[in-house]
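Report on the structure
Read off the chains here:
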Amino acid sequence: MASRVIAIDGPAGSGKSTTAKAVARELDLAHIDSGAMYRAVTLVALDAGVPMLDDGDLVVETAKGKGVEFRDVGSSFRPIVAGVDVSKEIRSARVTEHVSQVSALPEVRIWVTAALQEAVAQHPRGAVADGRDIGTVVFPDAVLKIYLTAAVAERARRRALEQGMDGATPDIQQLSRDLQRRDEFDSNRAVSPLRPAADAIHIDTTDLAFEEQVAAVVERARDYFA
Ligand code: DC
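This is a predicted model, so every value here is computed, not measured.

Cut-offs used in this document
- Residues numbered from 1 in each chain as written.
- Predicted model: local features only at pLDDT ≥ 70, side-chain atom pairs only at ≥ 80, totals over all residues.
- Heavy atoms only, no water.
- Helix = DSSP H or I, 4+ residues; strand = E, 2+ residues; numbered from the N terminus.
- Rg over C-alpha atoms; globule rule 2.2 N^0.38 Å.
- Buried < 20%, exposed > 50% of the residue type's maximum accessible area, 1.4 Å probe, protein only.
- Contact = heavy atoms within 4.5 Å.
- Areas by Shrake-Rupley, 256 points an atom, 1.4 Å probe, with all protein chains shown as cover.
- Lys, Arg positive; Asp, Glu negative; His and termini not counted.
- Charge placed at Lys NZ, Arg CZ, Asp CG, Glu CD.
- Core = buried A, V, L, I, M, F, W, Y, C linked by side-chain atoms within 4.5 Å.
- Axes fitted to C-alpha atoms, helices over the stretch in contact; angles between N-to-C directions.
- Parallel < 35°, antiparallel > 145°, perpendicular 65-115°, else oblique.
- Left-handed = near helix turned anticlockwise from the far one by under 90°.
- Nonpolar A, V, L, I, M, F, W, Y, C, P; charged D, E, K, R; others polar.
- Pairing = 2+ DSSP bridges.

1. Brief notes about the overall build of the protein chain
- Looking only at helices and strands, one finds nine helices and eight strands in the protein chain.
- Expected size for 226 residues packed as a compact globule is a radius of gyration near 17 Å; at 17 Å, the protein chain falls within 12% of this value.
- Dimensions along the principal axes, computed over C-alpha positions, put the protein chain at roughly 50 × 40 × 35 Å.
- In the protein chain, which comprises 226 residues, the share counted as buried stands at 50%.
- In the protein chain, the proportion of contacts linking residues at least 24 apart, taken out of those at least 6 apart, comes to 76%.
- As displayed, the protein chain has an accessible area near 10800 Å², and 52% of this comes from carbon and sulfur atoms.
- In the protein chain, 27 positive and 34 negative side-chain charges are present, and the distance between their average locations comes to 2 Å.

Laid out in structure tokens, this is it:
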């Protein structure tokens with residue numbers, strides 16, 4: 001039987017997570033942001049002072065030892081470290097800077113993939129999961145696969161808006177360079193690179209309002225989640 005999952009993949013800043021969250025709310029499914037798990041693993045590795053972030057076994061051992069997990073809080077899964085919700089801490093510039101490197105480690109990917117599959121298997125109705133390899137590797141049998149894209153300038157503009165809300169003064173040129181660097185790294189790594197599944201539906205959100213991009217996914221999903 002196909003997984004009761006809607007997979008939403010795409011590059012950084014394409015609006016995957018915000019879209020996935022809204023789609024989940026509309027269809028009464030759980031939302032699971034897989035990038036949050038890679039970020040939580042990166043956070044504990046940095047905090048523990050793991051000397052080289054290229055030792056996958058050591059990073060996974062550290063994550064297990066520090067109690068990294070996904071917890072179902074009803075409508076969404078939250079990244080937890082030692083019983084504490086780290087949703088805010090994982091968004092720091094320090095974590096963002098190192099997360100591509102950590103998420104490229106095969107041992108880390110195996111561990112996070114298993115955690116995602118277990119989390120969703122326990123959820124009674126199903127989930128909207130977003131990331132880079134959800135439709136290709138984590139849930140290749142998802143009932144619906146979406147690949148979200150947007151022009152890099154638009155993605156940088158959206159990131160700048162988010163940061164501005166936190167009181168930071170965003171540098172759009174820098175944000176744009178960071179996004180491109182991360183896309184390139186995520187797309188060219190050896191294990192599970194960012195890539196659309198062969199059967200994914202592509203949606204370019206550059207000129208779409210947020211409500212329109214949510215509706216575009218929901219209307220394709222209704223048949224599966226009545
Ligand atoms: O979506 P995000 O920016 O929070 O993701 C953080 C990093 O995690 C991103 O650089 C790529 C990686 N990632 C991944 O490799 N596979 C996923 N399924 C999700 C995220």
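2. A few points about the nonpolar core
- In this structure, I32, V41, V68 and V108 are the most contacted members of the largest nonpolar core, which totals 41 residues.
- Not counting residues within four places of it along the chain, the set of residues in contact with V68 comprises M37, A40, V41, V44, A63, I80, V81 and W111.
- Listed in part, the 19 residues of the second largest apolar core include A20, L27, V128 and L144.

3. Topic: the packing of helix α1 (residues 16–27) against helix α9 (residues 210–221)
- Closest axis-to-axis distance for the α1/α9 pair is 9 Å, and the angle between their directions is 50°. By the criterion of interaxial angle, the relationship of α1 to α9 is oblique. α1 and α9 meet at a crossing whose hand is right-handed. Residues T18, T19, A22, V23, E26 and L27 of α1 lie in contact with α9, whose contacting residues are F210, Q213, V214, V217, V218 and A221.
- Classifying every residue of the contact of α1 with α9 gives eight nonpolar, three polar and one charged.

4. Observations concerning the sheet that holds strand β2 (residues 30–33)
- Taken together, the five strands give an open sheet; going across it, the order is β2-β6-β1-β7-β8, and neighbouring strands pair in parallel fashion. The open sheet has two free edges, formed respectively by β2 and β8 (201–204), since each of these has just one partner strand. Put simply, the sheet's adjacent strands are angled 20° from each other on average, direction ignored.
- With four bridges joining them, strand β7 (residues 142–149) and β8 adopt parallel strand pairing. Bridge pairing in β8 links I146 to I201.
- Relative to the sheet, α1 contacts β1 (3–9), β2, β6 (127–131) and β7, its axis offset from that of β6 by approximately 175°.
- Strands in contact with α9 are β1, β7 and β8; relative to β7, the strand with the most contacts, it is inclined by about 160°.

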